[in-house]
Amino acid sequence: FPSSNTTFFSSLFTDFKKHKFVENAYYFLKEDAMGKHPLHLGGAYYIQDPSAMMVVHILNPKENDKVIDLCAAPGGKSTQCLIKMNDKGLLVSNDISTSRAKSLQFNMERMGLKNSIICNESIKTLYSKYQGYFDKVILDAPCSGEGMFRKNDLSYLDWSIDKVHRCSEIQRE
């Protein structure tokens with residue numbers, strides 16, 4: 001939540017507690033209702049895994065920083081980054097997957113954030129053109145999805161040791 005809206009949100013939603021480290025971040029105990037609420041669809045807040053919030057908290061972007069988020073979809077870290085930067089500076093949010101880049105675009109627009117460029121490009125190409133340009137880099141490299149096991153009972157069906165090896169190669173690259 002943006003800090004100015006905390007009181008307003010606490011009057012609407014009572015089943016949440018403050019994140020221990022991240023400013024304006026909360027744990028919701030009834031998350032399913034939160035993603036369907038009109039305020040979520042209107043961009044008043046973004047639902048993100050608590051551990052994912054730590055990335056931007058530790059990165060600590062400042063106003064006027066130039067930041068690139070290389071594997072940005074669906075956009076949680078990107079939106080959190082721009083909010084922390086007061087929507088000043090520049091954020092380039094990239095995802096190599098076209099369908100995921102579209103969801104990234106939807107979420108960035110839903111949140112009403114302006115100082116961002118959304119790309120659908122390979123990291124190699126971005127590196128060759130912009131090496132040394134950015135002040136900070138976010139790279140949440142593709143993984144084999146074990147983190148989804150607790151969220152989706154069927155996510156284990158997509159998991160395999162072969163997928164782990166493929167993702168490892170992508171991460172190394």
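Residues numbered from 1 in each chain as written. Predicted model: local features only at pLDDT ≥ 70, side-chain atom pairs only at ≥ 80, totals over all residues. Heavy atoms only, no water.

Caption draft 1: Representation of the packing of helix α5 (residues 76-84) against helix α6 (residues 98-110) in the model. Across the interface, α5 lies against α6 with an axial gap of 9 Å and an inter-helix angle of 30 degrees. Between α5 and α6, the interaxial angle falls into the category roughly parallel. Along this stretch, α5 crosses α6, giving a crossing that reads as right-handed. Contacts between α5 and α6 pair Ser78, Thr79 and Leu82 from the former with Leu104, Asn107 and Met108 from the latter. In terms of residue class, the contact of α5 with α6 is built from three nonpolar, three polar and no charged. (Axes fitted to C-alpha atoms, helices over the stretch in contact; angles between N-to-C directions. Helix = DSSP H or I, 4+ residues; strand = E, 2+ residues; numbered from the N terminus. Parallel < 35°, antiparallel > 145°, perpendicular 65-115°, else oblique. Left-handed = near helix turned anticlockwise from the far one by under 90°. Contact = heavy atoms within 4.5 Å. Nonpolar A, V, L, I, M, F, W, Y, C, P; charged D, E, K, R; others polar.)

Caption draft 2: Highlighting the layout of surface pockets. Roughly 170 Å³ of internal volume is contained in the second largest pocket. Lining the second largest pocket we find Ile68, Leu70, Ile123, Leu126, Tyr127, Tyr130, Gln131, Gly132, Tyr133, Phe134 and Val137. The element that contributes the greatest number of residues to the lining of the second largest pocket is helix α7 (residues 123-130), accounting for four residues. Split by residue class, the lining of the second largest pocket holds nine nonpolar, two polar and no charged. (1 Å grid on protein atoms, 1.4 Å probe; cavity = no way out; pocket = protein on both sides within 12 Å on 5 of 7 lines; lining within 4 Å. Points joined across faces, edges and corners; volume = space filled by probe spheres on them.)

Caption draft 3: A look at the pairing of strand β3 (residues 66-69). Where β3 and strand β4 (residues 90-94) come together, four bridges link them in parallel fashion. Paired with Val67 across the strands is Leu91, a residue of β4. Taken together, β3, α5 and β4 constitute a β-α-β crossover, and its handedness is right-handed. Pairing of β3 with strand β6 (residues 136-138), which is carried by three bridges, proceeds in the parallel orientation. Bridging from a neighbouring strand, Asp69 pairs with Ile138 of β6. (Pairing = 2+ DSSP bridges. Right-handed = clockwise from strand over helix to strand, strands pointing away.)

Caption draft 4: Representation of the environment of Gly43. With respect to the helices and strands, Gly43 occurs in the loop between α3 (38-41) and α4 (50-59). Among the residues examined, Gly43 registers a relative accessible area of 13% and is labelled buried. On a C-alpha basis, the gap between Gly43 and Met108 in space is 8.8 Å, while along the polypeptide they are 65 residues apart. When near neighbours in sequence (up to four residues on either side) are disregarded, Gly43 contacts Arg110 and Met111. (Buried < 20%, exposed > 50% of the residue type's maximum accessible area, 1.4 Å probe, protein only.)

Caption draft 5: Focus on the sheet that holds β4. An order of β5-β4-β3-β6 is seen for the four strands of this open sheet, with the pairing classed as parallel. A single partner strand is all that each edge strand has here, and the edge strands are β5 (116-119) and β6. Averaged over all pairs of adjacent strands, the angle between their axes in this sheet comes to 15 degrees, without regard to strand direction. This element, α6, spans β4 and β5 of the sheet and lies at about 160 degrees to β5.

Caption draft 6: Layout of the environment of Cys167. The topology assignment puts Cys167 in helix α8 (residues 161-172). Judged by its relative accessible area of 9%, Cys167 falls in the buried class. As for Cys167 and Pro142, which are separated by 25 residues in sequence, their C-alpha atoms are 6.1 Å apart.

Caption draft 7: A nonpolar patch on the surface, seen in detail. Nonpolar side chains collect at one region of the surface, where Ile123, Val137 and Leu139 lie side by side and expose about 250 Å² of accessible area between them. Taking relative accessible area as the criterion, Val137 reaches 47% and is therefore assigned partly exposed. (Patch = residues over 30% accessible without salt bridge, like charges linked within 9 Å, V, L, I, M, F, W, Y side chains within 5 Å. Areas by Shrake-Rupley, 256 points an atom, 1.4 Å probe, with all protein chains shown as cover. Salt bridge = Lys/Arg side-chain N within 4 Å of Asp/Glu carboxyl O.)

Caption draft 8: Up close: the nonpolar core. Membership of the largest hydrophobic core comes to 14 residues, with the highest contact counts inside it found for Val67, Cys81, Leu82 and Leu91. Looking at this core, the elements that each hand over two or more residues are α5 and α6. Discounting residues that sit within four places of it in the chain, Val67 has contacts with Leu59, Pro61, Cys81, Met85, Leu90, Leu91, Val92, Phe134, Lys136 and Ile138. (Core = buried A, V, L, I, M, F, W, Y, C linked by side-chain atoms within 4.5 Å.)

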